[in-house]
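Understanding the architecture of this molecule
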Amino acid sequence: MTFHSMWAELLPIGRSSASGGYRRFAWTAADLDCRAWFKEQAESRQLAYEVDRNGNQWAWLGDPDAGDAVVTGSHLDSVPDGGAFDGPLGVVSSFAALDELRARGTDLTKPLAIVNFGDEEGARFGLACVGSRLTAGQLTREQAHRLTDGEGVTLPRAMEAAGYDPDAVGPDPERLARIGAFVELHVEQGRALDLTGDRVGIASAIWPHGRWRFDFRGEANHAGTTRLADRHDPMLSYAETVLAARREAELAGAVATFGKIAVEPNGVNAIPSLVRGWLDSRAEDQDRLDAVVAGIEKAAGEYAAAHGIALDVVRESFTPVVEFDHALRDELARILGKDTGITVPVLGTGAGHDAGILSGRIPTAMLFVRNPTGVSHSPAEFAAEDDCAAGVLALADVLEGLARR
């Protein structure tokens, strides 16, 4: 099966007819359809298919117990109304790269695996990279069981409804011990490669990043009869905080985004009693990120006090800076430049990935495929056909170089 045919099969799954974006949320029907697609791809290639204790899917070529395996893959879930390429490009390219290696007649000396990590985006339960975090021991069973979606459904209940055992989740050191290297291919979430004119790049590091919840609590009242001077309106404090986030990020050369909001009682003619906003902030280094978040919290506190609003700030998730394995990164550069003499660009990213989560336990690296628009987490996300093909060939070269050593 070609890259194009695989892509065409995945394309309609979980796609909104209204927005054109994808809604492939963890353990929903769309996610299960993606999982079924992955299993079909594995079995059609006579790969050994398995699902681990955390719901991650694996397709093995060779004996997994032999150790020092080379693993590639990504994820198939999406953010709300996300694009087609974030995650799926890595999974489809992995199967296509394996097909390319077989077409070359490559004789691998190490086991090779393709993985689909579950719930990478965190769109449903609010925590990114759940599948890889559980595997790496960064998320405990107890913490996972407390995750709840916007409808009040817990992660265990969602897993059970999908036919999976939530009591089995937890660290998987035995599985990680089998892996010698993990290489994740991903569409670039930015325009660095477009600006340099390169089709493929290598990741150097992932910026430190986190999510914070800001709860502004005021007093619900009638929108038409309550004097402005008598109001305790949390929406004002929230709005001022959004502007403060932009200012602090600009000062530090970082990014900060309030991209999700919940309002109570959420009536057109009612002053809110609660405005809850979620902040995503990322920076090139820890000091800058700390300064940005501290500045936003300080401003939020001042605005809240001025309007008689109670404020609570909770850090819901955090990932420190990730430096990808230098030796593996350099080996990728050597492999890709071996026959061409071309220097493949090395670039950092502000986006989190499963490769970043696993980097503390096993050697990991990433390949980026050019995104000419720089847009991601949007239906406008895009990678050209020839760039996708270049990514497949680069990944095949890397897998061949790593799995034949």
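Attention here is on the structure that accompanies the text. (Residues numbered from 1 in each chain as written. Predicted model: local features only at pLDDT ≥ 70, side-chain atom pairs only at ≥ 80, totals over all residues. Heavy atoms only, no water.)

What about the overall build of the protein chain?
For the protein chain, the helix and strand inventory stands at 13 helices and 15 strands. A compact globule built from 405 residues would reach a C-alpha radius of gyration of about 22 Å, and the protein chain, at 22 Å, matches this within 12%. In terms of its C-alpha atoms, the protein chain occupies a principal-axis envelope of roughly 80 × 45 × 40 Å. Contacts spanning at least 24 positions in sequence make up 77% of the contacts within the protein chain whose residues lie at least 6 apart. Counting every atom, the protein chain has about 17100 Å² of accessible surface; 51% of that belongs to carbon and sulfur. The positive charge centre, built from 39 side chains, and the negative charge centre, built from 60, are 1 Å apart in the protein chain. (Helix = DSSP H or I, 4+ residues; strand = E, 2+ residues; numbered from the N terminus. Rg over C-alpha atoms; globule rule 2.2 N^0.38 Å. Contact = heavy atoms within 4.5 Å. Areas by Shrake-Rupley, 256 points an atom, 1.4 Å probe, with all protein chains shown as cover. Lys, Arg positive; Asp, Glu negative; His and termini not counted. Charge placed at Lys NZ, Arg CZ, Asp CG, Glu CD.)

As for the environment of alanine 299
Position of alanine 299 relative to the elements: it lies in helix α10 (residues 286-306). Through-space distance from the C-alpha of alanine 299 to that of alanine 18 is 38 Å; in sequence the pair is 281 residues apart.

Structural notes on the pairing of strand β2 (residues 57-61)
Every other side chain in a regular strand lies on the same face of the sheet, so the side chains alternate between the two faces. Of all 5 residues making up β2, 4 are buried, and the element is well covered by its neighbours. In this structure, the hairpin formed by strand β1 (residues 48-51) and β2 is closed by a connection of 5 residues, where glycine 55 is found at a positive phi of approximately 85 degrees. In this structure, β2 lies alongside strand β4 (residues 112-117), joined through 5 bridges in antiparallel fashion. Counterpart to glutamine 57 in the pairing with β4 is asparagine 116. (Buried < 20%, exposed > 50% of the residue type's maximum accessible area, 1.4 Å probe, protein only. Pairing = 2+ DSSP bridges.)

Here's the deal with the pairing of strand β14 (residues 346-349)
Residues of β14 alternate between two faces, with Leu347 and Thr349 buried on one and Val346 and Gly348 left unburied on the opposite face. Bridge count between strand β6 (residues 200-206) and β14: 3 bridges; the pairing is parallel. Each residue of the ladder has a partner; that of isoleucine 206, found in β14, is threonine 349.

Quick notes on the pattern of salt bridges
Under the criterion given, the structure shown has 30 salt bridges. Measuring nitrogen to oxygen at the nearest pair gives 2.9 Å for the salt bridge that ties arginine 227 to aspartate 230. Through salt bridges with shared partners, a single ionic network connects Glu50, Asp52, Asp65, Asp172, Arg175 and Arg178. (Salt bridge = Lys/Arg side-chain N within 4 Å of Asp/Glu carboxyl O.)

As for the sheet that holds strand β7 (residues 209-217)
Spatial ordering of the open sheet is given by β9-β11-β7-β12, a layout of 4 strands whose pairing is antiparallel. Among the strands making up the open sheet, the edge pair consists of β9 (255-264) and β12 (310-319). Neighbouring strand axes in the sheet, compared pairwise and without regard to direction, differ in orientation by 15 degrees on average. Sheet contacts for helix α9 (residues 234-252): β7, β9 and β11 (274-282); angle to β9, the most-contacted strand, approximately 170 degrees. Strands in contact with α10 are β7, β9, β11 and β12; relative to β7, the strand with the most contacts, it is inclined by about 5 degrees. (Axes fitted to C-alpha atoms, helices over the stretch in contact; angles between N-to-C directions.)

Side note on the nonpolar core
One finds Trp37, Leu89, Phe95, Leu332 and Leu367 to be the most contacted residues of the largest nonpolar core, which totals 53 residues. Looking at this core element by element, the count peaks at 10 residues for helix α13 (residues 385-403). Among all residues touching leucine 332, those that are not within four sequence positions of it are Val183, Ile202, Ala365, Met366, Leu367, Val398 and Leu402. If you look at the next biggest cluster of nonpolar residues, it comprises 25 residues, including Trp60, Ala136, Leu176 and Leu193. (Core = buried A, V, L, I, M, F, W, Y, C linked by side-chain atoms within 4.5 Å.)

Description of the side chain of aspartate 86
With respect to the element layout, aspartate 86 can be found in the loop between β3 (69-75) and α3 (88-104). At 3.2 Å, the side chain of aspartate 86 and the side chain of glutamine 189 are in polar contact. Of the polar contacts made by the side chain of aspartate 86, one reaches the side chain of histidine 377; its length is 3.0 Å. Every residue in contact with aspartate 86, bar those within four places of it in the chain, is listed here: His75, Asp77, Glu121, His186, Val187, Gln189, Ser376, His377 and Glu381. (Polar contact = N/O pair within 3.5 Å; in protein donor to acceptor, adjacent residues only side chain to side chain.)

Remarks on the environment of serine 317
Structurally, serine 317 can be placed in strand β12. For serine 317, a relative accessible area of 12% puts it in the buried group. Beyond its immediate chain neighbours, meaning those up to four positions away, serine 317 contacts Leu127, Gly210 and Arg211.

Focus: α10
Taking 1.5 Å per residue as the helical rise, α10 with its 21 residues ought to reach 30 Å, and the 30 Å between its terminal C-alpha atoms agrees with that figure. Buried within α10 are the following residues: Leu289, Val292, Val293, Gly295, Ile296, Ala299, Ala300 and Ala304. The buried residues of α10 occupy an angular sector of 165 degrees when the element is viewed end-on, so they sit on one face. Projecting away from the buried face of α10 at angles above 90 degrees are the exposed residues Asp287, Lys298, Ala305 and Ala306. For α10, the capping residue at the N-terminal end is aspartate 285, with a side-chain oxygen 3.2 Å from the backbone nitrogen of aspartate 287. Directly beyond the C-terminal end of α10, a positive phi value near 70 degrees is found at glycine 308. (Expected span 1.5 Å × (residues − 1). Arc of directions from axis to C-beta.)

A look at unusual backbone geometry
The omega torsion of the bond from glutamate 264 to proline 265 falls at 0 degrees, within 30 degrees of zero and hence cis. Relative to the elements of secondary structure, proline 265 occurs in the loop between β9 and β10 (270-271). The backbone of aspartate 81 shows a phi angle near 55 degrees, a positive value even though the residue is not glycine. Looking at where aspartate 81 falls in the secondary structure, it is placed in the loop between β3 and α3. Looking at aspartate 81, the relative accessible area reads 24%, which means it is partly exposed.

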